[in-house]
Amino acid sequence: MGQAKRKKFDRINIEIINTCNLKCSFCPTPERPTAKMTAEQFSSLAETIAPMSNEVVLHLLGEPLSHPDLGGILAAAHKNQWPVNIVTNGLLLTGERVDLILNSNVRQLSISLQSFSNNFPTQDPTNYIQRVKVFVDRALAERPDMYINLRFWDLDGTKEDETNHNHVMRVVLSNVFGFSWDDINIDVRRRKNHRLIGRLYLHFDSRFVWPSLENEVQQTSGFCHGLTGHFGIHADGTVVPCCLDHKADIPLGNVFTQSLDDILQSPRAIAMRNGFESGKLVEDLCRRCGFISRFKTSHLGPYKISGTVSQKGNSDAPRPSSP
């Protein structure tokens, strides 16, 4: 058998709903009108985009598991053989939604554990983590092919109270899942994952500042995978070059009224791609994006995760991935 033909994009980020059941301090406050993509609209997109991308990530802003027709969304992806990646805070990971996920073609599910303590700083996270564990145990039994990431993306929080909340979450997490933090060495510049069992991973990263036109200019040169490795589609159909363009500051067009090919070949999109290829950031938002610096060097040192605090250590592994 010959090799499968390489698809044009690694992933497409589609925001099926832009509202969330939580309000995290590390997520930007939604400024666009509330919107949710219908299953019919998503299905139409899947027919066009699935052949050109390896997977669809149900994420820009919003909580995808809160979509009222999650079953229709997942059914459309399955029909078009489009592997799904879901990013969730995990609070809605119960009941029928679990059945929908386990009986679909969800390839990867990432649970942002840091969101719980950020929203409920005085609550014991034990019940929350135990609910996550119930899902994980069932997934390992029924879908051993599915990747599950237990995300901990707040390694370098600077506020003391956040550090304490992280400590409580780490203790509960290790107790419920049965592992020791002292055995885990992470260098978030190169290695973010630690496998617990099967395809269940702890996934680490630091906080990042979402790009905004209100930020200070941070660089005028650099590289990004936007429009070459991925692009994003907001719930209202607005196409953006990057999964971090949460306000659609770089609107390239709308897939519900325009051809996607025309949008991706627009003068603005071409100028951005050519700029990245030559190391030039042509858009103001890109010049104000701190995440771009991660494609050159990292400001973070290696971490050894312990039961108390993050300490420097040594480790080898891949480069950081995008949110």
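Cut-offs applied
Residues numbered from 1 in each chain as written. Predicted model: local features only at pLDDT ≥ 70, side-chain atom pairs only at ≥ 80, totals over all residues. Heavy atoms only, no water. Helix = DSSP H or I, 4+ residues; strand = E, 2+ residues; numbered from the N terminus. Buried < 20%, exposed > 50% of the residue type's maximum accessible area, 1.4 Å probe, protein only. Contact = heavy atoms within 4.5 Å. Areas by Shrake-Rupley, 256 points an atom, 1.4 Å probe, with all protein chains shown as cover. Axes fitted to C-alpha atoms, helices over the stretch in contact; angles between N-to-C directions. Parallel < 35°, antiparallel > 145°, perpendicular 65-115°, else oblique. Left-handed = near helix turned anticlockwise from the far one by under 90°. Pairing = 2+ DSSP bridges. Salt bridge = Lys/Arg side-chain N within 4 Å of Asp/Glu carboxyl O. Core = buried A, V, L, I, M, F, W, Y, C linked by side-chain atoms within 4.5 Å. Phe/Tyr/Trp six-rings, centres within 6.5 Å; stacked < 30°, edge-to-face > 60°. Lys NZ or Arg CZ within 6 Å of the ring centre and 35° of its normal. Disulfide = S-S within 2.5 Å.

Trainee: Could you clarify how one ought to interpret the overall build of the protein chain in this entry?
Mentor: Each helix and strand counted, the protein chain has 9 helices and 13 strands in total. Taking all 323 residues of the protein chain together, the buried fraction comes to 53%. If you take every contact in the protein chain between residues at least 6 apart in sequence, the share linking residues at least 24 apart comes to 72%. Carbon and sulfur atoms form 49% of the exposed surface of the protein chain, whose accessible area is close to 14900 Å².

Trainee: Is there a simple way to explain the packing of helix 3 (residues 95–102) against helix 5 (residues 126–142) in this structure?
Mentor: Two packed helices can be described by the angle between their axes and the distance between those axes. With their axes 11 Å apart at the nearest point, helix 3 and helix 5 run at an angle of 25° to one another. When the axes of helix 3 and helix 5 are compared, the pair comes out roughly parallel. Seen along the crossing, helix 3 lies across helix 5 with a hand that is right-handed. Here Val98, Asp99, Ile101 and Leu102 of helix 3 come into contact with helix 5, specifically with Phe135, Arg138, Ala139 and Glu142.

Trainee: When you look at the sheet that holds strand 8 (residues 200–204) in this model, what are you seeing that I'm missing?
Mentor: Two strands in a sheet stick together by hydrogen bonds in their backbones, pointing the same way (parallel) or opposite ways (antiparallel). If you walk across this open sheet you meet the 10 strands as 7-8-5-4-3-2-1-9-10-11, and the pairing is mixed. Both edges of this open sheet fall to strand 7 (193–197) and strand 11 (253–254), since each of them pairs with a single strand only. Strand contacts of helix 2 (residues 70–79): strand 2 (53–58), strand 3 (84–88) and strand 4 (106–112), with the helix running at about 150° to strand 3, the strand carrying the most contacts.

Trainee: I'm lost on the pattern of salt bridges in this one. Help?
Mentor: Side chains that differ in charge, positive against negative, can pair when their charged atoms come close. Following the criterion strictly, the structure yields 10 salt bridges and no others. For Lys247, the salt bridge goes to Glu31, with nearest N and O atoms at 3.9 Å. Linking Lys247 in the loop between strand 10 (238–240) and strand 11 with Glu31 in the loop between strand 1 (9–14) and helix 1 (39–49), this pair joins segments that are 216 residues apart in sequence. Among the ionic pairs, Glu142 bridges to Arg138, the shortest N-O distance being 2.8 Å. Here Arg138 and Glu142 lie together in helix 5, a separation of 4 residues that amounts to about one turn. Put simply, Asp99, Arg138 and Glu142 are held in one network by salt bridges that share partners.

Trainee: Explain the nonpolar core to me, please; I cannot follow it from the model alone.
Mentor: Grouped burial of nonpolar side chains is what soluble globular proteins tend to show. Counting 85 residues, the largest nonpolar core has Ile14, Phe42, Trp82, Phe135, Leu150 and Ile233 as the members making the most contacts within it. The element best represented in this core is helix 5, accounting for 6 residues. Among all residues touching Phe42, those that are not within four sequence positions of it are Ile14, Ile16, Met37, Val56, Leu58, Ile73, Ala76, Ala77 and Trp82.

Trainee: Could you clarify how one ought to interpret unusual backbone geometry in this entry?
Mentor: Apart from glycine, the bulk of residues carry a negative phi angle, and the bulk of peptide bonds sit in the trans form. Residue Gln81 is not a glycine yet carries a positive backbone phi of 50°. Position of Gln81 relative to the elements: it lies in the loop between helix 2 and strand 3. For Gln81, a relative accessible area of 66% corresponds to the exposed category. Residue Leu227 is not a glycine yet carries a positive backbone phi of 70°. Relative to the assigned elements, Leu227 resides in the loop between strand 8 and strand 9 (230–233). Of the residues examined, Leu227 reaches a relative accessible area of 3% and is grouped as buried.

Trainee: Sorry if this is basic, but what is going on with the environment of Thr19 here?
Mentor: Among the structural elements, Thr19 can be located in the loop between strand 1 and helix 1. Relative accessible area serves as the criterion here: at 31%, Thr19 is assigned to the partly exposed category. Taking the C-alpha atoms as reference points, Thr19 and Lys36, separated by 17 residues in sequence, lie 8.2 Å from one another. Sequence-distant contacts of Thr19, defined by excluding residues within four places in its chain, comprise Thr34, Gly62, Glu63 and Ser66.

Trainee: Looking at this structure, how should I read the side chain of Thr88?
Mentor: You can see Thr88 is positioned in strand 3. Dropping the residues within four chain positions of it, Thr88 is found in contact with Glu63, Leu65, Leu109, Ser110, Ile111 and Ser112.

Trainee: Looking at this structure, how should I read the packing of aromatic side chains?
Mentor: We describe a pair of aromatic rings using the distance from one ring centre to the other and the angle between the two ring planes. This model, assessed by the stated rule, comprises 8 aromatic pairs. Residues Trp181 and Phe204 carry aromatic rings whose centres are separated by 6.0 Å and whose planes lie at 65° to one another, so their mutual orientation is edge-to-face. With Trp181 in the loop between helix 6 (160–177) and strand 6 (184–186) and Phe204 in strand 8, this residue pair connects regions lying 23 residues apart in the sequence. Assessed through its relative accessible area of 1%, Phe204 is described here as buried. In this structure an aromatic cluster arises from ring pairing among Phe152, Phe179, Trp181 and Phe204. Just above the ring of Phe177 sits the side chain of Lys133; from NZ or CZ to the centre is 5.8 Å.

Trainee: Help me out: how do you make sense of the state of the cysteines in this one?
Mentor: Two cysteines whose sulfur atoms are joined by a covalent bond form what is called a disulfide. Using the criterion set out here, one finds 0 disulfides in the structure. The thiol sulfur of Cys224 is not disulfide-bonded, and the nearest other cysteine sulfur, from Cys242, lies at 4.7 Å. Residue class for Cys224 comes out buried when judged on its relative accessible area of 8%.

Trainee: I'm lost on the packing of helix 2 against helix 3 in this one. Help?
Mentor: Where helix 2 meets helix 3, the axes come as close as 10 Å, and the angle between the chain directions of the two elements is 0°. Relative to helix 3, helix 2 is oriented roughly parallel. Taking contact as the criterion, the partners of Leu70, Gly71 and Leu74 in helix 2 are, on helix 3, Arg97, Leu100 and Ile101.

Remember that the coordinates give geometry; whether it matters functionally is a separate question.
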